[in-house]
Amino acid sequence: MAGAILSKGGQSMPDLWRIQHSNANLFARFVRTAQPQRAAGISALIGDGEIAIRRELQSIPAASWVSLCAAAGWTHVGAASLSWCDGVNEEQLWQAWNEATPSAASPEDAFFIAARSTNPAFLLDDKTLSAFVPHLLADKMKVCVSLAARSEQVSMDCSPAALHALPKDFQQFLSHREIKLDQTDARR
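None of the values given here were measured: they were computed from a predicted structure. (Residues numbered from 1 in each chain as written. Predicted model: local features only at pLDDT ≥ 70, side-chain atom pairs only at ≥ 80, totals over all residues. Heavy atoms only, no water.)

So, the overall build of the protein
Thought 1: Within the protein one finds 10 helices and zero strands.
Thought 2: Taken from the N to the C terminus, the helices and strands of the protein come in the order α-α-α-α-α-α-α-α-α-α.
Thought 3: Split into buried and exposed, the 188 residues of the protein put 44% on the buried side.
Thought 4: Considering only contacts within the protein whose residues lie at least 6 apart along the sequence, 72% involve residues at least 24 apart.
Thought 5: When the accessible surface of the protein is totalled, it reaches about 9,900 Å², and 53% of it is carbon and sulfur. (Helix = DSSP H or I, 4+ residues; strand = E, 2+ residues; numbered from the N terminus. Buried < 20%, exposed > 50% of the residue type's maximum accessible area, 1.4 Å probe, protein only. Contact = heavy atoms within 4.5 Å. Areas by Shrake-Rupley, 256 points an atom, 1.4 Å probe, with all protein chains shown as cover.)

Section: the pattern of salt bridges
Thought 1: Taken as a whole and judged by the stated rule, the model has five salt bridges.
Thought 2: Between Arg177 and Asp109 there is a salt bridge whose closest N-O contact spans 3.1 Å. On the criterion of sequence distance, the pair formed by Arg177 in the segment after α10 (168–174) and Asp109 in helix α6 (residues 109–116) is long-range, its members being 68 residues apart. (Salt bridge = Lys/Arg side-chain N within 4 Å of Asp/Glu carboxyl O.)

Structural notes on the side chain of Ser83
Thought 1: With respect to the secondary-structure elements, Ser83 resides in the loop between α4 (76–82) and α5 (90–100).
Thought 2: Aside from chain neighbours lying at most four places away, what touches Ser83 is Val88, Leu93, Ser117, Thr118, Asn119 and Phe122.

Some remarks on empty space enclosed by the protein
Thought 1: Summed over the entire model, instances satisfying the criterion amount to one cavity of 30 Å³ or more.
Thought 2: Estimates place the volume of the largest cavity at around 30 Å³.
Thought 3: By residue class, the composition of the lining of the largest cavity is three nonpolar, one polar and three charged. (1 Å grid on protein atoms, 1.4 Å probe; cavity = no way out; pocket = protein on both sides within 12 Å on 5 of 7 lines; lining within 4 Å. Points joined across faces, edges and corners; volume = space filled by probe spheres on them. Nonpolar A, V, L, I, M, F, W, Y, C, P; charged D, E, K, R; others polar.)

Here's the deal with the state of the cysteines
Such a bond, covalent and formed between the sulfur atoms of two cysteines, is termed a disulfide.
Thought 1: Under the definition given, this model contains zero disulfides.
Thought 2: The cysteine Cys69 is free of any disulfide, with Cys85 supplying the nearest cysteine sulfur at 7.8 Å. (Disulfide = S-S within 2.5 Å.)

Remarks on the confidence of the model for the protein
Thought 1: Mean pLDDT over the protein works out to 88, with 90% of the residues at or above the 70 mark.
Thought 2: Within the protein, helix α3 (residues 62–72) carries the highest mean pLDDT (97), whereas helix α2 (residues 36–57) carries the lowest (78). (pLDDT = per-residue confidence, 0-100.)

Overview of the packing of α6 against helix α8 (residues 136–150)
Thought 1: Running from N to C, α6 and α8 point in directions that differ by 80°, and their axes come no closer than 8 Å. Overall, the two elements α6 and α8 adopt an arrangement that is roughly perpendicular. From α6, Phe111, Phe112, Ala115 and Arg116 reach across to α8, where they touch Met141, Cys144, Val145, Ala148 and Ala149.
Thought 2: Residues that form the contact of α6 with α8 fall into these classes: eight nonpolar, no polar and one charged. (Axes fitted to C-alpha atoms, helices over the stretch in contact; angles between N-to-C directions. Parallel < 35°, antiparallel > 145°, perpendicular 65-115°, else oblique.)

Remarks on the environment of Ser117
Thought 1: Following the sequence through the fold, Ser117 ends up in the loop between α6 and α7 (129–132).
Thought 2: Along the primary structure Ser117 and Glu50 are separated by 67 residues, whereas in three dimensions their C-alpha atoms are 8.3 Å apart.
Thought 3: For Ser117, the contacting residues outside a window of four places in its chain are Glu50, Arg54, Ala80, Ser83 and Trp84.

A short note on the nonpolar core
Thought 1: Formed by 49 residues in total, the largest nonpolar core has its most connected members in Trp65, Trp97, Leu147, Phe170 and Phe173.
Thought 2: It is α8 that provides the largest number of residues to this core, a total of seven residues.
Thought 3: Once residues lying within four places of it in the same chain are set aside, the contact partners of Phe170 are Leu129, Leu136, Val143, Cys144 and Leu147. (Core = buried A, V, L, I, M, F, W, Y, C linked by side-chain atoms within 4.5 Å.)

Shown next, in the form of C-alpha coordinates:
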(Lines give C-alpha, C1' and ligand atoms only; values in the text may rest on other atoms or scores of the structure.)
Protein backbone atom coordinates (compact mmCIF):
# COMPACT_ATOMS: atom_id res chain seq x y z
CA MET A 1 0.00 0.00 0.00
CA ALA A 2 3.06 2.26 -0.19
CA GLY A 3 2.07 5.49 -1.91
CA ALA A 4 -1.68 4.89 -1.62
CA ILE A 5 -3.87 7.50 0.04
CA LEU A 6 -5.20 5.80 3.13
CA SER A 7 -7.81 6.84 5.66
CA LYS A 8 -6.88 7.42 9.27
CA GLY A 9 -7.83 3.79 9.96
CA GLY A 10 -5.69 2.47 7.10
CA GLN A 11 -8.42 1.87 4.50
CA SER A 12 -7.65 2.56 0.85
CA MET A 13 -10.01 4.81 -1.09
CA PRO A 14 -11.01 2.01 -3.52
CA ASP A 15 -11.90 -0.17 -0.53
CA LEU A 16 -14.02 2.61 0.99
CA TRP A 17 -15.73 3.16 -2.39
CA ARG A 18 -16.45 -0.57 -2.74
CA ILE A 19 -17.75 -0.91 0.83
CA GLN A 20 -20.08 2.10 0.43
CA HIS A 21 -21.50 0.72 -2.80
CA SER A 22 -21.88 -2.79 -1.36
CA ASN A 23 -23.73 -1.41 1.65
CA ALA A 24 -26.11 0.54 -0.60
CA ASN A 25 -26.69 -2.58 -2.69
CA LEU A 26 -27.38 -4.66 0.43
CA PHE A 27 -29.79 -2.05 1.69
CA ALA A 28 -31.62 -1.91 -1.64
CA ARG A 29 -31.77 -5.69 -2.02
CA PHE A 30 -32.52 -6.87 1.49
CA VAL A 31 -33.92 -4.14 3.68
CA ARG A 32 -36.60 -3.13 1.23
CA THR A 33 -37.64 -6.69 0.40
CA ALA A 34 -37.03 -8.67 3.60
CA GLN A 35 -39.43 -9.49 6.39
CA PRO A 36 -39.63 -6.63 8.93
CA GLN A 37 -37.56 -8.39 11.65
CA ARG A 38 -34.82 -9.40 9.24
CA ALA A 39 -34.87 -5.96 7.57
CA ALA A 40 -34.40 -4.25 10.94
CA GLY A 41 -31.36 -6.42 11.72
CA ILE A 42 -29.77 -5.82 8.34
CA SER A 43 -30.52 -2.10 8.53
CA ALA A 44 -28.89 -1.84 11.98
CA LEU A 45 -25.81 -3.72 10.79
CA ILE A 46 -25.44 -1.50 7.72
CA GLY A 47 -26.06 1.60 9.86
CA ASP A 48 -23.21 0.68 12.21
CA GLY A 49 -20.93 0.12 9.23
CA GLU A 50 -21.94 3.47 7.72
CA ILE A 51 -20.93 5.33 10.88
CA ALA A 52 -17.49 3.71 10.79
CA ILE A 53 -17.02 4.44 7.08
CA ARG A 54 -18.04 8.09 7.53
CA ARG A 55 -15.32 8.44 10.17
CA GLU A 56 -12.81 7.02 7.69
CA LEU A 57 -14.00 9.32 4.90
CA GLN A 58 -13.46 12.36 7.13
CA SER A 59 -9.71 11.75 6.85
CA ILE A 60 -9.75 11.46 3.03
CA PRO A 61 -9.06 14.70 1.14
CA ALA A 62 -12.10 15.71 -0.91
CA ALA A 63 -9.95 16.34 -4.01
CA SER A 64 -8.65 12.76 -3.84
CA TRP A 65 -12.18 11.33 -3.54
CA VAL A 66 -13.28 13.47 -6.49
CA SER A 67 -10.43 12.05 -8.58
CA LEU A 68 -11.30 8.48 -7.62
CA CYS A 69 -15.01 8.90 -8.38
CA ALA A 70 -14.34 10.76 -11.64
CA ALA A 71 -12.15 7.85 -12.77
CA ALA A 72 -14.63 5.19 -11.60
CA GLY A 73 -17.68 7.11 -12.81
CA TRP A 74 -19.83 9.21 -10.55
CA THR A 75 -22.58 7.43 -8.67
CA HIS A 76 -25.12 8.68 -6.14
CA VAL A 77 -23.27 6.77 -3.43
CA GLY A 78 -19.93 8.30 -4.46
CA ALA A 79 -21.45 11.78 -4.35
CA ALA A 80 -23.01 11.21 -0.93
CA SER A 81 -19.69 9.83 0.35
CA LEU A 82 -17.91 12.98 -0.83
CA SER A 83 -20.04 14.98 1.61
CA TRP A 84 -18.10 13.37 4.47
CA CYS A 85 -14.59 13.95 3.06
CA ASP A 86 -12.07 16.39 4.48
CA GLY A 87 -12.31 19.86 2.94
CA VAL A 88 -15.29 19.25 0.66
CA ASN A 89 -17.15 22.37 -0.41
CA GLU A 90 -20.70 22.94 -1.66
CA GLU A 91 -19.62 23.41 -5.27
CA GLN A 92 -17.75 20.08 -5.35
CA LEU A 93 -20.60 18.23 -3.70
CA TRP A 94 -23.42 19.46 -5.92
CA GLN A 95 -21.29 19.08 -9.05
CA ALA A 96 -20.76 15.45 -8.04
CA TRP A 97 -24.51 14.92 -7.50
CA ASN A 98 -25.22 16.49 -10.89
CA GLU A 99 -22.63 14.21 -12.54
CA ALA A 100 -24.23 11.18 -10.91
CA THR A 101 -27.82 12.15 -11.69
CA PRO A 102 -28.85 12.48 -15.32
CA SER A 103 -32.44 13.23 -14.26
CA ALA A 104 -33.70 14.01 -10.78
CA ALA A 105 -37.30 13.75 -12.00
CA SER A 106 -37.49 9.95 -11.76
CA PRO A 107 -34.66 8.83 -9.49
CA GLU A 108 -33.87 5.21 -8.73
CA ASP A 109 -33.63 3.65 -5.27
CA ALA A 110 -29.88 4.41 -5.07
CA PHE A 111 -30.69 8.14 -5.23
CA PHE A 112 -32.79 7.92 -2.06
CA ILE A 113 -30.37 5.61 -0.25
CA ALA A 114 -27.50 7.97 -1.03
CA ALA A 115 -29.49 11.12 -0.22
CA ARG A 116 -30.23 9.75 3.24
CA SER A 117 -26.52 9.14 3.81
CA THR A 118 -25.44 12.62 2.72
CA ASN A 119 -23.87 14.77 5.40
CA PRO A 120 -26.79 16.82 6.81
CA ALA A 121 -24.56 19.91 6.99
CA PHE A 122 -25.01 20.26 3.21
CA LEU A 123 -28.77 19.72 3.07
CA LEU A 124 -31.48 22.35 3.17
CA ASP A 125 -33.29 22.17 6.48
CA ASP A 126 -36.50 23.92 5.56
CA LYS A 127 -39.63 22.48 7.16
CA THR A 128 -42.22 23.28 4.47
CA LEU A 129 -42.35 22.53 0.78
CA SER A 130 -43.03 26.18 -0.03
CA ALA A 131 -39.71 27.11 1.63
CA PHE A 132 -37.86 24.76 -0.77
CA VAL A 133 -39.44 26.24 -3.91
CA PRO A 134 -37.34 29.47 -4.05
CA HIS A 135 -34.19 27.31 -4.18
CA LEU A 136 -35.32 25.41 -7.29
CA LEU A 137 -33.76 27.73 -9.88
CA ALA A 138 -30.30 27.96 -8.34
CA ASP A 139 -30.02 24.65 -6.47
CA LYS A 140 -32.44 22.13 -7.96
CA MET A 141 -30.21 19.15 -7.13
CA LYS A 142 -29.77 20.37 -3.56
CA VAL A 143 -33.56 20.67 -3.24
CA CYS A 144 -34.13 17.16 -4.59
CA VAL A 145 -31.43 15.52 -2.45
CA SER A 146 -32.62 17.40 0.65
CA LEU A 147 -36.22 16.35 0.08
CA ALA A 148 -35.18 12.76 -0.64
CA ALA A 149 -33.23 12.71 2.61
CA ARG A 150 -35.86 14.37 4.79
CA SER A 151 -39.23 14.25 3.07
CA GLU A 152 -41.08 12.97 6.14
CA GLN A 153 -39.86 16.04 8.07
CA VAL A 154 -41.21 18.47 5.47
CA SER A 155 -44.82 19.62 5.55
CA MET A 156 -46.92 19.88 2.42
CA ASP A 157 -48.13 23.46 2.56
CA CYS A 158 -48.63 24.20 -1.14
CA SER A 159 -52.05 24.58 -2.66
CA PRO A 160 -52.98 22.44 -5.66
CA ALA A 161 -52.56 25.54 -7.87
CA ALA A 162 -49.06 26.21 -6.47
CA LEU A 163 -48.10 22.57 -7.05
CA HIS A 164 -49.40 22.72 -10.61
CA ALA A 165 -47.25 25.83 -11.24
CA LEU A 166 -44.03 23.97 -10.32
CA PRO A 167 -41.82 22.66 -13.14
CA LYS A 168 -43.18 19.37 -14.52
CA ASP A 169 -40.03 17.40 -13.72
CA PHE A 170 -40.16 18.58 -10.10
CA GLN A 171 -43.86 17.64 -9.89
CA GLN A 172 -42.86 14.19 -11.13
CA PHE A 173 -40.11 14.01 -8.48
CA LEU A 174 -42.61 14.95 -5.74
CA SER A 175 -44.90 12.12 -6.84
CA HIS A 176 -42.18 9.47 -6.38
CA ARG A 177 -43.18 6.76 -3.90
CA GLU A 178 -40.21 7.61 -1.65
CA ILE A 179 -41.29 11.24 -1.18
CA LYS A 180 -43.58 11.15 1.83
CA LEU A 181 -44.29 14.74 2.77
CA ASP A 182 -46.10 15.39 6.03
CA GLN A 183 -49.67 16.06 5.00
CA THR A 184 -50.50 17.94 8.20
CA ASP A 185 -51.33 21.51 7.26
CA ALA A 186 -48.15 23.48 8.11
CA ARG A 187 -50.04 26.81 8.01
CA ARG A 188 -51.90 26.11 11.24
